[in-house]
Amino acid sequence: MYDIESVQALYTNHAVEYSQHFRIRMKERNIKFVDVRMAVQSGEIIEQDLQDVPGPSVLILGYTRDNKPLHVAVGVDDAKLVLITAYFPTPTLWEADYKTRKAID
């Protein structure tokens, strides 16, 4: 299990890789790197998948400079982070706290 402090320490120490998918989605969604940094540095882990392939991952909820909620999916190991994707959570899929997925009928 991972805690936000260990994820933030890796980010602060620049032990970060940006996946190609991450770079594409950032551009498509007009998300700035500074906002990703803010979200990771001030955020909280809302989901963990320790069985994810190719390795464990976490979903972080943080906020941008404009105080917009931002989800950042990150692959984690003891040596580095791999940023997988980032997106603005939508009310159709997430509860008002942006931490809880809505039940799908």
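Basis of the calculations
Residues numbered from 1 in each chain as written. Predicted model: local features only at pLDDT ≥ 70, side-chain atom pairs only at ≥ 80, totals over all residues. Heavy atoms only, no water. Buried < 20%, exposed > 50% of the residue type's maximum accessible area, 1.4 Å probe, protein only. Helix = DSSP H or I, 4+ residues; strand = E, 2+ residues; numbered from the N terminus. Arc of directions from axis to C-beta. Contact = heavy atoms within 4.5 Å. Salt bridge = Lys/Arg side-chain N within 4 Å of Asp/Glu carboxyl O.

(A) Summary view of helix 3 (residues 33-42). Of the positions making up helix 3, those classed as buried are Asp35, Val36, Ala39 and Val40. Down the axis of helix 3, the buried side of the element spans an arc of 130 degrees, and every buried residue falls inside it. Check the buried side of helix 3 and you find it contacts helix 1 (4-12), helix 2 (20-29), strand 3 (57-63), strand 4 (69-76) and strand 5 (81-87).

(B) Examining the environment of arginine 25 more closely. Residue placement: arginine 25 occurs in helix 2. Residue class for arginine 25 comes out partly exposed when judged on its relative accessible area of 23%. Sequence separation of arginine 25 and isoleucine 45 is 20 residues, and the distance between their C-alpha atoms is 20 Å.

(C) Seen up close, the pattern of salt bridges. Applying the stated criterion across every chain yields a total of five salt bridges. Of the charged contacts, one joins glutamate 44 and lysine 99 as a salt bridge, the two residues approaching to 3.1 Å between their closest N and O atoms. On the criterion of sequence distance, the pair formed by glutamate 44 in strand 2 (residues 44-49) and lysine 99 in the segment after strand 5 is long-range, its members being 55 residues apart. Using a relative accessible area of 34% as the deciding quantity, one classes glutamate 44 as partly exposed. Taking the shortest distance from any N to any O, the salt bridge between arginine 101 and glutamate 47 comes out at 2.7 Å. Here arginine 101, found in the segment after strand 5, pairs with glutamate 47, found in strand 2; they are 54 residues apart in sequence, far enough to count as distant. On the basis of relative accessibility, which here comes to 49%, the residue arginine 101 falls in the partly exposed class.

By themselves, these observations are geometric and do not establish any function.
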